[in-house]
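Overview (structure and organization)
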Amino acid sequence: MRLWQRRSRTSCRDIDPRVYPEGVTDEQRAALALAEGRQDRPAEIERVARQTSPEAAAWAFQQWALRERGRVKFSGAAEMLFDRDGLEMATHEALAAYHASRFPSGVPVLDMTAGIGADTLALAMRGTVLACEKDADRAALLEFNLGATVFVGDGRDRLGEFDYVWADPMRRGGGARLKPADYEPNPWELKEEFAAKKLVGVKLSPMAGDDLLLDLGVGIEFLSFRGECREAVAWCGQEAKAGVWAVQVETGERRARVDEPGKVEEAGGYVYEGDPAAIRAHALGGFGMARLGDSPGYLTGDGHVVSPWLTAYEVLWQGPLRLARVQDACREQDLFVEAVKKRGVDIDPPVLQRQIKAKGGTGCVVFVYGFQKRQRVLLTKKLGTP
Ligand SMILES: C[S@@+](CC[C@H](N)C(=O)[O-])C[C@H]1O[C@@H](n2cnc3c(N)ncnc32)[C@H](O)[C@@H]1O
């Protein structure tokens with residue numbers, strides 16, 4: 001692993017030395033070692049505090065609690081340092097490895113907004129990287145995690161030195177109403193600079209609208225991880241490929257945006273639930289199937305299709321959303337309801353599950369969807385992967 005070794009701390013004129021922490025102190029390191037494996041109880045904290053200081057002991061126990069939480073994202077969490085927000089914002093290491101894999105091997109990369117270092121660590125596996133972090137306290141944790149010097153200050157000040165850039169700006173708030181000004185730094189203010197680079201990747205919320213994403217990047221990837229659409233990445237610059245894709249991080253499978261399939265009201269013999277990233281990328285056409293209902297996400301056809309992008313169900317019964325008819329169908333087929341799924345209809349799945357009151361011997365999955373103001377139901381059996 002190679003990291004940027006320049007002592008950039010001294011090169012940053014804007015940082016007031018009084019607010020720059022000394023990094024992790026010897027006392028904190030001692031407290032960390034003494035607190036390892038101990039319960040977070042007053043007597044144990046007191047024992048560590050007697051050998052170090054109350055502040056160092058409190059800090060060390062908090063670090064072990066954060067390390068425990070950090071295991072969800074980092075296989076090496078037990079050797080890292082975190083702050084609560086830094087851990088919350090950090091990229092999962094599998095996603096960070098994917099981001100890094102998109103840059104040519106060996107080229108120097110600027111990580112403009114490094115946080116506690118998930119993306120920097122992955123980028124450092126493939127070549128030189130300069131990590132920038134403007135929050136001085138978090139930068140001290142970042143230095144510990146990287147085992148290398150970082151640039152404490154505004155990553156924009158270092159942009160001019162690099163052809164390859166990664167940016168994961170901080171977000172205030174969330175959801176579909178996120179505006180460019182809610183990102184810090186605001187990548188749209190840098191879009192001309194980004195377009196002139198070789199390659200820039202910007203991690204954004206997948207809830208951001210297509211207009212906004214395509215205003216920044218020429219290539220947009222929606223990343224699927226553990227069955228969720230976790231993020232959108234806008235790729236800018238001369239080496240960025242134009243297009244929109246869904247990418248499965250676990251398998252590396254990619255699926256490009258295609259025209260939406262035609263929609264139908266009634267299901268064929270099978271119904272399919274699309275991967276959320278493929279739904280978001282509008283990449284569910286091309287399977288030779290129709291879209292079921294008005295909202296994208298469900299496909300239907302008469303053949304059993306096996307794809308990493310689709311979860312397959314066999315249709316057992318279908319009809320309009322009328323409780324008595326659904327109950328009759330469950331009774332006739334000896335079914336109970338394992339789960340209710342819905343798209344484009346205003347129903348509460350747990351409430352409907354309770355209302356159906358089916359007590360048969362075989363589990364079924366209920367789909368509810370809308371077609372031109374009509375609400376329809378399917379009773380289905382989930383099919384395993386062969
Ligand atoms: C979403 S976090 C980055 C997480 C990081 N990619 C990781 O996986 O650990 C964004 C970070 O950017 C920092 N930041 C915001 N504006 C910045 C700027 N102009 N220059 C450098 N860092 C900045 C924030 O303090 C925050 O720690």
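It should be noted that the structure appears before, not after, this text.
Everything quoted here is computed from the prediction, not taken from an experiment.

Describing the site of the ligand
Near the ligand you find 24 residues, and of these Thr 91, Glu 133, Arg 138, Gly 155 and Asp 168 are the closest. Between an oxygen atom of the ligand and a main-chain N or O atom of Ala 114, the distance comes to 3.5 Å. Summarising the interface, the protein chains cover 98% of the accessible area of the ligand, which totals 610 Å² for the free molecule. Along the lines of polarity and charge, the residues of the shell around the ligand split into nine nonpolar, six polar and nine charged.

Re the pattern of salt bridges
Inspection of the entire model under this criterion finds 24 salt bridges. Note that Arg 38 and Glu 44 form a salt bridge whose closest N and O atoms lie 3.1 Å from each other. For Arg 38, a relative accessible area of 33% puts it in the partly exposed group. Across the pair Arg 280 and Asp 210 runs a salt bridge whose closest N-O atoms are separated by 2.7 Å. Pair noted here: Arg 280 is in helix H10 (residues 276–280) and Asp 210 is in helix H9 (residues 210–216), with a separation of 70 residues, a long-range link. Linked through salt bridges whose partners overlap, the residues forming this network are Arg 38, Glu 44 and Arg 47.

Digging into the sheet that holds strand S1 (residues 106–111)
On the basis of which strands lie adjacent, the open sheet formed by nine strands has the order S3-S2-S1-S4-S7-S9-S8-S10-S11 and mixed pairing. The open sheet has two edge strands with one neighbour each: strand S3 (151–152) and strand S11 (254–256). Sheet topology places S1 next to strand S4 (residues 164–167); three bridges connect them, and they run parallel. Bridge assignment links Asp 111 to a residue of S4, and that residue is Trp 166. Of the strands in this sheet, strand S2 (127–133) and S3 are in contact with helix H7 (residues 136–146), which crosses S2 at around 155°.

Some thoughts on unusual backbone geometry
Peptide bonds are mostly trans, and most non-glycine residues show a negative phi. Between Glu 184 and the following residue, Pro 185, the backbone shows a cis peptide bond with an omega angle of -5°. Tracing the backbone through its elements, the reader meets Pro 185 in the loop between strand S6 (183–184) and helix H8 (191–195). Located in the positive-phi region is Asp 334, a residue other than glycine, with phi close to 60°. Position of Asp 334 among the secondary structure elements: in the loop between helix H11 (323–332) and strand S17 (335–343).

With respect to the packing of helix H2 (residues 42–51) against helix H3 (residues 54–70)
The geometry of H2 relative to H3 is characterised by a closest axis approach of 8 Å and an angle of 130° between their N-to-C directions. Considering the angle they form, H2 stands oblique to H3. Considering only the axes of H2 and H3, their crossing is right-handed. Between H2, through Glu 44, Ile 45, Val 48 and Ala 49, and H3, the contact on the second element is made entirely by Pro 54, Ala 57 and Phe 61. Looking at the contact of H2 with H3 residue by residue, the classes come out as six nonpolar, no polar and one charged.

Reading guide: rules and limits
- Residues numbered from 1 in each chain as written.
- Predicted model: local features only at pLDDT ≥ 70, side-chain atom pairs only at ≥ 80, totals over all residues.
- Heavy atoms only, no water.
- Near = heavy atom within 4 Å.
- Polar contact = N/O pair within 3.5 Å; in protein donor to acceptor, adjacent residues only side chain to side chain.
- Areas by Shrake-Rupley, 256 points an atom, 1.4 Å probe, with all protein chains shown as cover.
- Nonpolar A, V, L, I, M, F, W, Y, C, P; charged D, E, K, R; others polar.
- Salt bridge = Lys/Arg side-chain N within 4 Å of Asp/Glu carboxyl O.
- Buried < 20%, exposed > 50% of the residue type's maximum accessible area, 1.4 Å probe, protein only.
- Helix = DSSP H or I, 4+ residues; strand = E, 2+ residues; numbered from the N terminus.
- Pairing = 2+ DSSP bridges.
- Contact = heavy atoms within 4.5 Å.
- Axes fitted to C-alpha atoms, helices over the stretch in contact; angles between N-to-C directions.
- Parallel < 35°, antiparallel > 145°, perpendicular 65-115°, else oblique.
- Left-handed = near helix turned anticlockwise from the far one by under 90°.

Purely geometric stuff here, so don't read any function into it on its own.
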